[in-house]
Amino acid sequence: MDTGSKMTARLMLAVGGAVLGSLQFGYNTGVINAPQKVIEDFYNRTWLYRYDEPISPATLTTLWSLSVAIFSVGGMIGSFSVGLFVNRFGRRNSMLMSNILAFLSAILMGFSKMALSFEMLILGRFIIGLYSGLTTGFVPMYVGEVSPTALRGALGTFHQLGIVLGILIAQVFGLDLIMGNDSLWPLLLGFIFVPALLQCIILPFAPESPRFLLINRNEENKAKSVLKKLRGTTDVSSDLQEMKEESRQMMREKKVTIMELFRSPMYRQPILIAIVLQLSQQLSGINAVFYYSTSIFEKSGVEQPVYATIGSGVVNTAFTVVSLFVVERAGRRTLHLIGLAGMAGCAVLMTIALTLLDQMPWMSYLSIVAIFGFVAFFEIGPGPIPWFIVAELFSQGPRPAAFAVAGLSNWTSNFIVGMGFQYIAQLCGSYVFIIFTVLLVLFFIFTYFKVPETKGRTFDEIASGFRQGGASQSDKTPDEFHSLGADSQV
C-alpha cells in the first residue's frame, strides 16, 4: 500500500483532536440565533431589576447586536495573534493553551443568568471569539502539516466539516424543546465546556507538527519519530527530504513579517490569492441565505420553518462530506470554480423566486430548491477550500503571517456582512442577492485567472511556482500559471 496516502490511527487522532476546535467555532457561530427571544427577555428582566423600568427597544437592539457582533471582533483579534503562539509554543501546544479561553467563556456565559449580568454574556462571547479566531489559524495549519501530501486536501476539508457540524449541533440544541428555552439557554451557551474538555484529553496523545519540530526547532530525531507514527511506516525519508528542502529554502529567506508579505514580489501574488479566497467565502452571501431561509420557508407554508432551516444545515454538512471525497480527485481550483458558478446560478434563481413570490405562490418551492442548491455549492468550493489552501500556498517561513492576514480578512468580512446585511436587505428587498451574484462572478473570474492548482504538489513545489514567477507572474497566461511546477507533479 502507498504509505503516502495511508490513514493511520495516530493521524486520525491528531486530526480529530484538532478539529474539535473547528466544531467550537461552528457551534458558537450558530448558537446565538435560536434563543434570541429568550435572551432578549433575560436582558429586559435584568434591566428592569436594576433600573425599575423596562429596557427601551433601541437599547435592546444595541445590546443584542453587540452580543452577536462582539464574537467577530474577538475573532479578528484572535486570528491576527496566531503567529505569536505557533512559532513559540508549537502548533499542538497552542491549541491546548487556547482552551483556557473556552473554559473561561463557558463559565461567564453559563452563569450570566444566575448573576443577572448581560455583561458576563457579552464578555463571554468576546472571549470565545478570541478562541475561535486563534482556532481558524491553528487547526488548518496543524492539519496541513501533519497530513501526507496525498491526503492533505481531504483532511484539510475536515476543518470545514467541523465548522458545519458545530453549526448543525447548535441549531438542534437550540430548539425550544431541547435547550433553546428560558430555563436551559445558559447551558446551551456554556456547552462549549464539553468539546474544550474533550480536546484537552485527546491532544496530549497527538504529536506535535513534524514540520515545526524539524524546521523551527531543528529536532530531526523527534520529527522522524513523529513521522513514523503518523505515516505508519519506518521509511519516512521522502517526507524528511521534503521538509529539509523547505528548511534550506527558509534559511535563504529572511524572517517574513506581515508587511513583507505585501512588499515582496515573491509573496504578493499568493497573499492576494489567500485574501480574495477568504473574501469569496464570506461575501458569497451564505450568511444572508441562512438569514433569509426561515422567512422563505414560512412563506412557502412550512409549518415549522425552524426544522427546514435545520434541513439546510443537514445539506450543509452532507455536501462538506462530498467535498471531502472529491477534493483530491477534482482539485482545489476546479471545485472552487464549480462552487462559485453554482452559487451564482442559485442566487439568480433566488432573486427571480423572491421577486415573483406574491404573484406566483409556487415560486416559494423554487426558492427552497435555490437555497438548498446555494448551500450545497458553497460546501463544494468556497466553504472548505479557502481555509486549507492558505497552508498550501506558503512555505514554513511566511505561513504563520499568511494565516494571520487570511484569518483577519475572513473575520473582518464576516463582521461587515453580519453588521451590514440587514440594512442592505431593507434597502434592496428581494434584489439583495443580485449584489452577491455580481461578487460571485468577480470571484469566479479572479479564481480562473489567478489561482493555481495545488492538488498533489508539495508545499515547496507550490511556493517555488510563485518564486519562478516572482514579480513577472502577471505576465503569464492562465494556463502557464496553472501548470507552474507541473514538472514535479506527485
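Residues numbered from 1 in each chain as written. Predicted model: local features only at pLDDT ≥ 70, side-chain atom pairs only at ≥ 80, totals over all residues. Heavy atoms only, no water.

S.K.: How would you sum up the overall build of the protein chain? Please name residues and give values.
M.R.: For the protein chain, the count of helices and strands is 23 helices and zero strands. Computed over its C-alpha atoms, the radius of gyration of the protein chain comes to 23 Å, within 12% of the 23 Å expected for a compact globule of 490 residues. With the C-alpha coordinates aligned to their principal axes, the bounding extent of the protein chain is approximately 70 × 50 × 45 Å. Evaluated residue by residue, the protein chain yields a buried proportion of 58% over its 490 residues. (Helix = DSSP H or I, 4+ residues; strand = E, 2+ residues; numbered from the N terminus. Rg over C-alpha atoms; globule rule 2.2 N^0.38 Å. Buried < 20%, exposed > 50% of the residue type's maximum accessible area, 1.4 Å probe, protein only.)

S.K.: Quick one: what's the story with the nonpolar core, residue by residue and with numbers?
M.R.: Core analysis: the biggest nonpolar cluster contains 90 residues, and Leu-261, Ile-271, Phe-374, Phe-394 and Phe-433 have the highest contact counts within it. Counting residues in hydrophobic clusters, the runner-up holds 35 residues, among them Val-31, Tyr-43, Phe-118 and Tyr-131. (Core = buried A, V, L, I, M, F, W, Y, C linked by side-chain atoms within 4.5 Å.)

S.K.: Could you give me a rundown of the environment of Trp-47, with the residues and numbers involved?
M.R.: On the secondary structure map, Trp-47 appears in helix α2 (residues 36–51). Look past the residues within four positions of Trp-47 in its chain and what remains in contact with it is Asp-52, Glu-53, Pro-54, Ile-55, Thr-59 and Phe-118. (Contact = heavy atoms within 4.5 Å.)

S.K.: Describe the packing of helix α7 (residues 152–173) against helix α16 (residues 305–330), naming the residues involved and giving the relevant values.
M.R.: Packed helices, taken two at a time, are described by their axes: the angle between them and the distance between them. α16 packs onto α7 with a crossing angle of 170° between their chain directions and a minimal axis gap of 8 Å. Judged by the angle between their axes, α7 and α16 are roughly antiparallel. Taken together, the residues of α16 that come into contact with α7 (itself represented by Arg-152, Gly-153, Ala-154, Thr-157, Phe-158, Gln-160, Leu-161, Val-164, Leu-165, Leu-168, Gln-171 and Val-172) are Thr-309, Ile-310, Gly-313, Val-314, Asn-316, Thr-317, Thr-320, Val-321, Ser-323, Leu-324, Val-327 and Glu-328. Partitioning the contact of α7 with α16 into residue classes produces twelve nonpolar, ten polar and two charged. (Axes fitted to C-alpha atoms, helices over the stretch in contact; angles between N-to-C directions. Parallel < 35°, antiparallel > 145°, perpendicular 65-115°, else oblique. Nonpolar A, V, L, I, M, F, W, Y, C, P; charged D, E, K, R; others polar.)

S.K.: Could you give an account of the side chain of Glu-242, naming the residues involved and the relevant values?
M.R.: Here Glu-242 is to be found in helix α12 (residues 237–252). Residue classification places Glu-242 among the buried residues on the basis of a relative accessible area of 14%.

S.K.: How would you explain the side chain of Arg-152 if you had to name every residue and give the values?
M.R.: Along the chain, the position of Arg-152 falls in helix α7. In this structure Arg-152 touches Gly-144, Ser-147, Glu-328, Arg-332, Glu-392, Thr-454, Arg-457, Thr-458, Phe-459 and Ile-462, once residues within four positions along its chain are discounted.

S.K.: Residues and numbers for the packing of aromatic side chains, please.
M.R.: In the structure shown here, the tally under the stated rule is 16 aromatic pairs. Summarising the aromatic geometry, the rings of Phe-42 and Tyr-43 are spaced 5.9 Å apart at their centres and angled 50° between planes, so their arrangement reads as tilted. Both residues of the pair, Phe-42 and Tyr-43, count as buried. On the numbers, 5.1 Å between centres and 85° between planes, the contact of Tyr-448 with Phe-449 is edge-to-face. With relative accessibility at 39%, the residue Tyr-448 sits in the partly exposed group. The ring of Tyr-448 is capped by Arg-333, whose NZ or CZ atom sits 5.2 Å from the centre of that ring. (Phe/Tyr/Trp six-rings, centres within 6.5 Å; stacked < 30°, edge-to-face > 60°. Lys NZ or Arg CZ within 6 Å of the ring centre and 35° of its normal.)

S.K.: I'd like to hear about the environment of Lys-6, residue by residue, with values.
M.R.: Of note, Lys-6 is situated in the segment before α1 (9–30). In terms of polar contacts, Lys-6 uses its side chain to reach the backbone carbonyl oxygen of Gly-232, at 3.2 Å. (Polar contact = N/O pair within 3.5 Å; in protein donor to acceptor, adjacent residues only side chain to side chain.)

S.K.: Please set out unusual backbone geometry residue by residue, giving values where relevant.
M.R.: For Leu-116, which is not glycine, the phi dihedral falls at a positive 50°. By secondary structure assignment, the location of Leu-116 is in the loop between α5 (91–110) and α6 (118–146). Positive phi, normally seen in glycine, also occurs at Asn-218, with a value near 60°. Mapped onto the elements, Asn-218 comes out in the loop between α10 (210–216) and α11 (220–231).

S.K.: Residues and numbers for the environment of Ser-117, please.
M.R.: With respect to the helices, strands and loops of the structure, Ser-117 is situated in the loop between α5 and α6. On the accessibility criterion, Ser-117 (10% relative accessible area) is buried. When the C-alpha positions of Ser-117 and Trp-47 are compared, they lie 9.4 Å apart, and in sequence the two are 70 residues distant. In this view, Ser-117 contacts Phe-42, Thr-46, Arg-50 and Ser-112; residues no more than four positions away in its chain are not counted. Looking at Ser-117, its side chain comes within polar contact range of the main-chain nitrogen of Met-120, at 3.1 Å.

S.K.: Provide a residue-level description of a nonpolar patch on the surface, including the pertinent values.
M.R.: Nonpolar side chains collect at one region of the surface, where Tyr-431, Ile-434, Val-438, Val-441, Leu-442, Ile-445, Tyr-448 and Phe-449 lie side by side and expose about 750 Å² of accessible area between them. You can see Tyr-448 is positioned in helix α21 (residues 432–450). (Patch = residues over 30% accessible without salt bridge, like charges linked within 9 Å, V, L, I, M, F, W, Y side chains within 5 Å. Areas by Shrake-Rupley, 256 points an atom, 1.4 Å probe, with all protein chains shown as cover. Salt bridge = Lys/Arg side-chain N within 4 Å of Asp/Glu carboxyl O.)

S.K.: Explain the packing of α7 against helix α19 (residues 385–393) residue by residue, including any values.
M.R.: α19 packs onto α7 with a crossing angle of 140° between their chain directions and a minimal axis gap of 8 Å. By the angle between their directions, the pair α7 and α19 is classed as oblique. For α7 against α19, the interelement crossing comes out right-handed. For the pair α7 and α19, the contacting residues are Arg-152, Gly-153, Gly-156, Thr-157, His-159, Gln-160 and Ile-163 in the first and Trp-387, Phe-388 and Glu-392 in the second. Looking at the contact of α7 with α19 residue by residue, the classes come out as three nonpolar, five polar and two charged. (Left-handed = near helix turned anticlockwise from the far one by under 90°.)

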